[in-house]
Amino acid sequence: MFILRNKLNFLVAIIFLSSCSSMNVTEESVYSGDVSTVKASSYESEYINYDSKAVFANATVYFDFDKSTLTSKSIQTLKSAVNALNDNSSIQITLSGHADERGTREYNLALGQRRAEAVSDYLILNGVNKNRITVKSYGEEKPAVNGQDEISYSKNRRVEIN
Amino acid sequence: MKKLFLLILFSNVTISELILEITQGTDDPYRVAIVEFSGDKDIANNVVQILKNNLRRTGEFVIFSNEDLISTPKDENEIIFNDFKILNIDYLIVGNILNDRSNITAEYEIFDIKRGSKVRSSTVYGIPNKNRQLAHYISDGVYEEITGIEGVASTKILYVTEDDYFRLVVADADGKNEQTLLESSEPIISPSWSPDSKKVAYVSFETGMAKVFIQDIASGKRELVIENSTQISSPSWSPDGKFLSLTMYQDGNAEIYILNLKNKNLTRLTNHYAIDTESTWSPKGSKIMFTSGRSGSPQLYEIDLRKSNAIPKRITFEGNYNAKGSYLPNNEGIVFVHRKNMTFQIALKYFDENFIRPLTDSQLDESPSISPNGNVIVYAIKDEGMGLLSGVTLSGAKFRLPATEGAVREPAWSGFLR
């Protein structure tokens, strides 16, 4: 965009203040403002690990507002995840952290990451090899539920294991 | 005498464009008469309509059209100043559109009614099929002449839309003339203009993880700024265009780094177990402001880049959520997202004041971006669950750019383009 096609297209602002009338005289040319459209191809996002899907269907842990600490309920979910991982030592997992829509998007991206890291730390502490784990965050960009109420928000503050 | 000023503007738009609605204006606006321009009638009508809308949107003008006026002079010789004085009009604008098919040229003149004299005589050379641009240039010339402040009608706004796809879109500052820069099946956030407004940086999840890309607007050429296995986000350009501040997650936690765009060297700026993100540069590039959770809740901090090993200085204290700050272009204060009770508002704090000024009052306001003249802030709101863009001027005027299709968010205002 804003490529100047030729020298004439440069802003030619001639402003001269005549001492008696104090009038501005200007002359300028508009820019062309060209734009190109790019289509992103999503090469990894469609990838689904069917092995881990079978083992961890619905394995999601939830968090309190603006918190990344594991609740006792989350720990119960994670205990069975640890067992499943120990029984199936070949599978790799991805931990995707999420936040509700309140607050700024980048802070929520970082918060989702902290939640995923908290789950990762728990799994590693309980004997899961860290090379088997990929940690990432979607922040508030992929809500599980749409809605502006506490019930919806509580379902969106989560880490998905798959 | 305080004048009550309330304007509601209806305009015909094509379906994919944003509609402008002014919901509130300033108390003491300039009273400006705009006589229909002479010359090519269709272009003249179109240009004058855009000019009027642009001026109204600032909240600083009441516009008088032909039907409101006693006389409608075509040029300087026909002006009877008294006809405008009676209506308490401050300025009169007359103009002319010359269309010789290959070139369209607008000429306009501004008269100060109280002084009874011409204060400006301008010519704008257009490009075929870019009459909106021509009108924006006239608007900025008029705004500049009357207020003494550079206008932003000819600037651009980036934003992200979501319906079946996520799109990074660039539009004129009035929300019209939308053009897609990037279309993706995965989210796009945090668009940021290069200081020369020729490139954009943004976060795209197209690889399955947040990554920062830089894209040339005209050519569409783009690059991943850093190739590694962890996520990268929150890009912000230094005012000289040589550096990009970023949030990197290589030790699992959000930390701020500065990337030298020429040699790709990375310098680490923060080192704390809490979240550090949303970095932004001061107008002269000597400081970086960022959001940190180190106090236990998100607050804004500043690092002085001129000092080595400078300790981040906390700059917000009111409330338990202050995030995503930006500096006013004159460096007199900051604009940021502030939580009051459970609502998120856009707030302003001047450095010489010890209190914050809330600018907005809906529920989930976010992503404030300041116009290059420092007068207007565009931000994202949620209305009945739908993302929309709103604007507020520092003088108090509010307007909306509601979407007719899909959710709209993450606005980012360009620099001056004229």
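Residues numbered from 1 in each chain as written. Chains lettered and ligands numbered in written order. Predicted model: local features only at pLDDT ≥ 70, side-chain atom pairs only at ≥ 80, totals over all residues. Heavy atoms only, no water.

Student: Explain the overall build of chain B here, please?
Tutor: Looking only at helices and strands, chain B has three helices and 31 strands in total. The C-alpha radius of gyration computed for chain B amounts to 23 Å, which stays within 12% of the reference 22 Å derived for 418 residues, consistent with globular compactness. Each principal axis of the C-alpha distribution contributes one length, and for chain B these read about 75 × 50 × 45 Å. Split into buried and exposed, the 418 residues of chain B put 62% on the buried side. Counting contacts in chain B only where the partners sit at least 6 residues apart, residues at least 24 apart contribute 42% of the total. Accessible surface, chain B as shown: approximately 16,600 Å² in total, 46% of it carbon and sulfur. Across chain B, 45 positive and 54 negative side-chain charges occur, with their mean positions spaced 5 Å apart. (Helix = DSSP H or I, 4+ residues; strand = E, 2+ residues; numbered from the N terminus. Rg over C-alpha atoms; globule rule 2.2 N^0.38 Å. Buried < 20%, exposed > 50% of the residue type's maximum accessible area, 1.4 Å probe, protein only. Contact = heavy atoms within 4.5 Å. Areas by Shrake-Rupley, 256 points an atom, 1.4 Å probe, with all protein chains shown as cover. Lys, Arg positive; Asp, Glu negative; His and termini not counted. Charge placed at Lys NZ, Arg CZ, Asp CG, Glu CD.)

Student: What is the right way to look at the packing of aromatic side chains in this model?
Tutor: How two aromatic rings sit relative to each other is set out by the distance from centre to centre and by the angle between their planes. On inspection of all chains with the given rule, the structure shows ten aromatic pairs over all chains. Consider the rings of Tyr-30 of chain B and Phe-61 of chain B, whose centres lie 5.5 Å apart with planes at 35 degrees: the pair is tilted. Placement of Tyr-30 of chain B in strand β2 (residues 30-34) and of Phe-61 of chain B in strand β4 (residues 61-64) is noted, with a sequence separation of 31 residues between them. For Phe-61 of chain B, a relative accessible area of 0% corresponds to the buried category. Ring centres 6.0 Å apart and planes at 25 degrees place the aromatic pair Phe-290 of chain B and Tyr-301 of chain B in the stacked group. Here Phe-290 of chain B, found in strand β20 (residues 287-292), pairs with Tyr-301 of chain B, found in strand β21 (residues 299-304); they are eleven residues apart in sequence, far enough to count as distant. These aromatic residues form a ring-pair network of at least three members: Tyr-107 of chain A together with Tyr-321 and Phe-344 of chain B. The ring of Tyr-138 of chain A carries the charged tip of Lys-142 of chain A above its face, separated from the ring centre by 4.8 Å. Of note, Arg-418 of chain B hangs over the ring of Tyr-137 of chain B, and the distance from its end group to the ring centre comes to 5.8 Å. (Phe/Tyr/Trp six-rings, centres within 6.5 Å; stacked < 30°, edge-to-face > 60°. Lys NZ or Arg CZ within 6 Å of the ring centre and 35° of its normal.)

Student: Mind showing me how you'd approach the pattern of salt bridges here?
Tutor: When charged atoms on two side chains of opposite charge get close, those side chains can pair. All names here are of chain A. For the structure on display, the rule yields 36 salt bridges over all chains. Measuring nitrogen to oxygen at the nearest pair gives 2.9 Å for the salt bridge that ties Arg-157 to Asp-100. Taken as a pair, Arg-157 in the loop between α4 (150-156) and β6 (158-161) and Asp-100 in the loop between β4 (93-98) and α3 (105-125) lie far apart in primary sequence, 57 residues in all. Accessibility assignment for this pair places Arg-157 and Asp-100 in one class, buried. (Salt bridge = Lys/Arg side-chain N within 4 Å of Asp/Glu carboxyl O.)

Student: Even after reading the chapter, I still don't get the interface of chain B and chain A, so can you show me in this structure?
Tutor: The interface of chain B with chain A comprises 77 residues on the first partner and 57 residues on the second. Both faces combined, the contact of chain B with chain A buries some 5,800 Å², and carbon together with sulfur accounts for 54% of it. Arg-105 of chain A is the salt-bridge partner of Glu-366 of chain B, the closest N and O atoms lying 2.9 Å from each other. Here chain B and chain A share 35 residue pairs in polar contact (both at pLDDT 80 or more) between them. Ranked by the residues each element gives to the side of chain B that touches chain A, the list is headed by strand β7 (residues 117-125) of chain B, at eight residues. The pairing of strand β1 (residues 24-29) of chain A with β7 of chain B spans six bridges and is classified as parallel. (Buried area = accessible area lost by both parts, 1.4 Å probe. Polar contact = N/O pair within 3.5 Å; in protein donor to acceptor, adjacent residues only side chain to side chain. Pairing = 2+ DSSP bridges.)

Student: I keep staring at the sheet that holds strand β12 (residues 199-204) of chain B and nothing clicks. Help me out?
Tutor: Each strand in a sheet pairs with another by means of backbone hydrogen bonds, the pair being arranged parallel or else antiparallel. Residue and element names in this part refer to chain B. The strand order β11-β12-β13-β14 describes an open sheet built from four strands, whose pairing is antiparallel. Edge positions in the sheet fall to β11 (188-193) and β14 (222-224), since each of these pairs with one other strand and no more. The mean angle between the axes of side-by-side strands here comes to 20 degrees, regardless of whether they run parallel or antiparallel. In the sheet, β12 pairs with strand β13 (residues 211-216) via six bridges, with the strands oriented antiparallel. Across the sheet, residue Ala-201 finds its bridge partner in β13, namely Ile-214. (Axes fitted to C-alpha atoms, helices over the stretch in contact; angles between N-to-C directions.)

Student: Can you walk me through the sheet that holds strand β22 (residues 313-314) of chain B in this structure?
Tutor: Pairing in this open sheet of four strands is antiparallel, and the strands run β19-β20-β21-β22 (chain B) from one edge to the other. Sheet topology places β19 (276-281) and β22 of chain B at the edges, where each strand pairs with a single neighbour.

Student: Even after reading the chapter, I still don't get the nonpolar core, so can you show me in this structure?
Tutor: Soluble, globular proteins show a tendency: their nonpolar side chains are buried together. One finds Val-225, Leu-244 and Leu-246 of chain B to be the most contacted residues of the largest nonpolar core, which totals 41 residues. No other element matches the four residues that α3 of chain A contributes to this core. Judged by nonpolar contacts, the second largest core, of 32 residues, contains Tyr-108, Ile-110, Ala-135 and Leu-417 of chain B. (Core = buried A, V, L, I, M, F, W, Y, C linked by side-chain atoms within 4.5 Å.)

Student: Just checking my understanding: could you explain the side chain of Glu-109 of chain B for this structure?
Tutor: Structurally, the position occupied by Glu-109 of chain B is in strand β6 (residues 104-112). With residues up to four places along the chain from it excluded, the contact list for Glu-109 of chain B reads Glu-76, Leu-92, Ile-93, Val-94, Lys-118, Arg-120 and Ser-121 of chain B.

Student: Please explain the packing of helix α1 (residues 41-57) of chain B against helix α3 (residues 131-147) of chain B as it appears in this structure.
Tutor: When two helices pack together, their arrangement is given by the angle between the helix axes and by the axis-to-axis distance. Residue and element names in this part refer to chain B. Two elements in contact, α1 and α3, have axes whose closest approach is 8 Å; the angle formed by their N-to-C orientations is 45 degrees. The orientation of α1 with respect to α3, classified from their angle, is oblique. The interaxial crossing formed by α1 with α3 has right-handed handedness. In this structure, α1 contributes Ile-43, Asn-46, Val-47, Ile-50, Leu-51, Asn-54 and Leu-55 to the contact, and α3 contributes Asn-131, Arg-132, Leu-134, Ala-135, His-136, Ile-138, Ser-139 and Val-142. (Parallel < 35°, antiparallel > 145°, perpendicular 65-115°, else oblique. Left-handed = near helix turned anticlockwise from the far one by under 90°.)

Student: Explanation requested: the environment of Asn-271 of chain B in the structure shown.
Tutor: Residues and elements named next belong to chain B. Note that Asn-271 resides in the loop between β18 (266-268) and β19. Beyond its immediate chain neighbours, meaning those up to four positions away, Asn-271 contacts Glu-255 and Asp-276. In this structure the side chain of Asn-271 is engaged in a polar contact, spanning 3.2 Å, whose partner is the side chain of Arg-268.

All we've got here are geometric facts, nothing functional implied.
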